[in-house]
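# Structural characterization, general
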Amino acid sequence: MQILKGCLNIGLVLLSSDFQVTGMNEFARQILGPAMRESGKSVLQYHHRKSHLKIKGLLSESQAPPSNIPATMVIDVLNKVLMINVCKVTMEGHSSNPLYAMTFLDVTDQIGAETNPHTGMVELEKFPVINKGSLQFLDMQSIYFIQSDGNYCKVFTENQWYHLHFTLKNILKRYAGSKFYRIHKCFIVNTDHISRIEGRTIIFDRDTVPPVPIARRRIHELKNMLGVI
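My aim in this report is to walk through the structure given alongside it, one point at a time. Bear in mind the structure is a predicted one, so any value in this text is a computation, not a measurement. Throughout, a residue's number is its position along its own chain's written sequence, starting from 1. Selection of residues for local features in this predicted model requires a pLDDT of at least 70, selection of side-chain atom pairs for listing and counting requires 80 or more, and totals for whole chains, interfaces and linings are taken over all residues. Side-chain calculation: all heavy atoms of the structure are included, whereas hydrogens and water are not.

### Quick look at the pairing of strand β16 (residues 194-198)
Strand residues, when the strand is regular, have side chains that alternate between the two faces of the sheet. Only strands that DSSP links by at least two bridges are regarded as paired with each other. Here a strand is any run of E in DSSP of at least two residues, a helix any run of H or I of at least four, and the numbering for each starts at the N terminus. Where β16 and strand β17 (residues 201-204) come together, 4 bridges link them in antiparallel fashion. In the strand pairing of β17, R196 is matched with I203. The loop that links β16 with its antiparallel partner β17 comprises 2 residues; one of these, G199, has a positive phi angle of about 65°.

### Comments concerning the nonpolar core
By size, the foremost hydrophobic cluster in this structure holds 27 residues, and its most contacted members are F127, I146, I171 and F180. Where this core is concerned, the elements lending two or more residues are β5 (80-89), β9 (126-131), β10 (134-139), β12 (152-156), β13 (161-164) and α3 (168-174). Considering each element in turn, this core owes the most residues, 3 residues, to β10. Residues belong to a common nonpolar core when they are buried Ala, Val, Leu, Ile, Met, Phe, Trp, Tyr or Cys residues joined through side-chain atoms within 4.5 Å. Exposed residues in this analysis have more than 50% of their type's maximum accessible area, buried residues have under 20%, and partly exposed residues fall in between, with area computed by a 1.4 Å probe over protein chains only. Within the second largest apolar cluster, 23 residues are counted, among which are L15, F19, A28 and I55.

### Description of the sheet that holds strand β18 (residues 212-213)
Within the open sheet, the 3 strands sit side by side as β16-β17-β18. Their pairing is antiparallel. Of all strands in the sheet, those bounded by a partner on one side alone are β16 and β18. Relative to β18, β17 runs antiparallel, the two sharing 2 bridges. Within β18, the position partnered with I202 by the bridge is V212.

### Digging into the pattern of salt bridges
What counts as a salt bridge is simple: a side-chain nitrogen of Lys or Arg found within 4 Å of a carboxyl oxygen of Asp or Glu. For the structure shown, the criterion picks out 5 salt bridges. We note a salt bridge from R206 to E158, for which the minimum N-O separation is 3.3 Å. Placement of the pair is R206 in the loop between β17 and β18 and E158 in the loop between β12 and β13, with a sequence separation of 48 residues. Here R206 falls in the partly exposed class, since its relative accessible area comes to 38%. Its relative accessible area of 30% is what places E158 among the partly exposed residues. Measuring nitrogen to oxygen at the nearest pair gives 4.0 Å for the salt bridge that ties R218 to E221. Here the residue R218 and the residue E221 both occupy positions in helix α4 (residues 216-226), the gap between them amounting to 3 residues, near one helical turn.

### Brief notes about the side chain of H163
When you line up the elements, H163 lands in strand β13. We call two N or O atoms a polar contact when they sit within 3.5 Å, provided that within protein one can donate a hydrogen and the other can accept it, with sequence-adjacent residues counted only if both atoms are side-chain atoms. In terms of polar contacts, H163 uses its side chain to reach the side chain of D149, at 3.2 Å.

### Here we look at unusual backbone geometry
Residues other than glycine predominantly adopt negative phi, and peptide bonds predominantly adopt the trans conformation. Positive phi outside glycine occurs at F19, with the angle close to 65°. Examined against the element boundaries, F19 turns out to sit in the loop between β2 (11-15) and β3 (21-24). According to the relative accessible area criterion, F19 is buried, its value standing at 13%.

Quick look at the structure:
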């Protein structure tokens, strides 16, 4: 696992209560390019249409009551991978008309991101997760399984789990290797860590990692993949 350390440039975009862009810092202008130099538009107008649903979801989360899951997501823009966070900023005496701050880090280099020339998808060698306020990068080999959890996933390592703002489908699209296999509508496993299959349950090679179910239609295919008769 890699933890992001040192002094970082942080992009900052200020939004009005109806999510119009009202300002940004110089680093945001540098990363996002000429398209962001003009303010006064809806934040959605600065993103590709394919990203609109994700951005809307992030903005919606920022309006919800506080939770232990930050309103954070990973998105690729101009072949860069950005870790974006949105929070509500209540000004003194203007509680009924809040502002929003959208901050982001360029984590392209830290996660070994490369664009697949065949699919155009930005693929990752590591997954960025938030743990107790720290941004960390999980090596794929440290991951045992991933479980769907609403708009997020839970990523399980040997001794703990983390929240990741990806769907299982997007994880499989973005993962550059071949060790992750979807065994169930709610689970992806790292086949390197499978110890055995008992009925419709997968047992891992560490006692600290709980077993997970496998869909009946996936059993034969997974056994063939593992060379199990």
